[in-house]
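In case you want the letters, here they are:
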Amino acid sequence: AVRRYVLCEVVSEDPRCRQCIEDRALGLAVRDAIARVHGDYGLACCSISFTGAGGTRGPAGAGSLRVRSPVRVCPTVKYLNAYTGTVLLRCRKDSYRLLCSALPFVRYLENRGQRYPCFLNTLHVGGTIRTCQKFLIQYNRTQLLMLLQNCTNEEERQCIQKSLLSCSLTEEQSQSGDEEEDDGTE
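Residues numbered from 1 in each chain as written. Predicted model: local features only at pLDDT ≥ 70, side-chain atom pairs only at ≥ 80, totals over all residues. Heavy atoms only, no water.

Named according to an unreviewed UniProt entry, the protein is Ribonuclease P/MRP protein subunit POP5 originating from Atrichornis clamosus. Quoted verbatim from the Sequence similarities (unreviewed entry) field of the UniProt record, the comment on the protein reads "Belongs to the eukaryotic/archaeal RNase P protein component 2 family." (UniProt positions renumbered as here; feature names shortened; annotations may be inferred.)

Here it is in structure tokens:
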């Protein structure tokens, strides 16, 4: 199945909002926004993805169809970093435009009975998690450069320069990541 990954940033003036972000609450907020903006049609397009729907015949070839795999709810929160407010959503390729058009309508996140006003800023839409990671590294680097230009003293400047040097992608890291996925079977 062809997927799209939407990289977002949770923006809130309330510092407690990021501390209380959970993937379930974020997924529900996105689903509710899709329902408000696009109605039942949009929710159906974005919500249900039948995978492996090659059903099997019932007893004695009666023609009945059983679905083997469970129904998945999309969009799926694939990655969530509450510290940075970074969110990676996965959806089907044919419905990513519906998802992206509904994201600005997420106005708050609800967790443990508390509502935290916020909004989702879409940073990037990619075909793989890896392209989103590369974009995020470049985005964070540009954000740090902007901070560096706005420094007021030398101590701040040195701290940001250290952060800039630490956010680089090296060949060793990408090779070790490939080795972890290899299960030894060829």
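There is more to say, and it comes next.
1. Considering helix 2 (residues 23–47)
An ideal rise of 1.5 Å per residue puts 36 Å on 25 residues; helix 2 reaches only 16 Å between its terminal C-alpha atoms. The principal kink in helix 2, of about 130°, is found at H38. Within the sequence span of helix 2, burial applies to A25, L26, G27, A29, V30, A33, I34, G42, C46 and S47. (Helix = DSSP H or I, 4+ residues; strand = E, 2+ residues; numbered from the N terminus. Expected span 1.5 Å × (residues − 1). Bend = angle between axes of the 7 residues up to and from the residue. Buried < 20%, exposed > 50% of the residue type's maximum accessible area, 1.4 Å probe, protein only.)

2. Describing the pattern of salt bridges
All chains considered together, the criterion is met by four salt bridges. The residue R112 makes a salt bridge to E22 at a minimum N-O spacing of 3.6 Å. Note that R112 is positioned in the loop between strand 8 (108–111) and strand 9 (114–117) and E22 in the loop between helix 1 (15–19) and helix 2, a separation of 90 residues in sequence. Classification of R112 as exposed rests on a relative accessible area of 66%. In this structure E22 comes out as partly exposed when scored by relative accessible area, which is 32%. One salt bridge connects E110 with R115, and the closest N-O pair in it is separated by 3.5 Å. You can call E110 partly exposed: its relative accessible area is 41%. The exposure class of R115 is exposed, given its relative accessible area of 53%. (Salt bridge = Lys/Arg side-chain N within 4 Å of Asp/Glu carboxyl O.)

3. Concerning the layout of surface pockets
In this structure, the second largest pocket occupies an estimated 240 Å³ of space. Residue lining of the second largest pocket: 16 residues in total, with A25, L28, A29, D32 and E110 positioned closest to the centre. Broken down by secondary-structure element, the contributors of at least two residues to the lining of the second largest pocket are helix 2 and strand 8. At seven residues, the largest contribution of residues to the lining of the second largest pocket is made by helix 2. When the residues that make up the lining of the second largest pocket are grouped by side-chain class, the tally is eight nonpolar, one polar and seven charged. (1 Å grid on protein atoms, 1.4 Å probe; cavity = no way out; pocket = protein on both sides within 12 Å on 5 of 7 lines; lining within 4 Å. Points joined across faces, edges and corners; volume = space filled by probe spheres on them. Nonpolar A, V, L, I, M, F, W, Y, C, P; charged D, E, K, R; others polar.)

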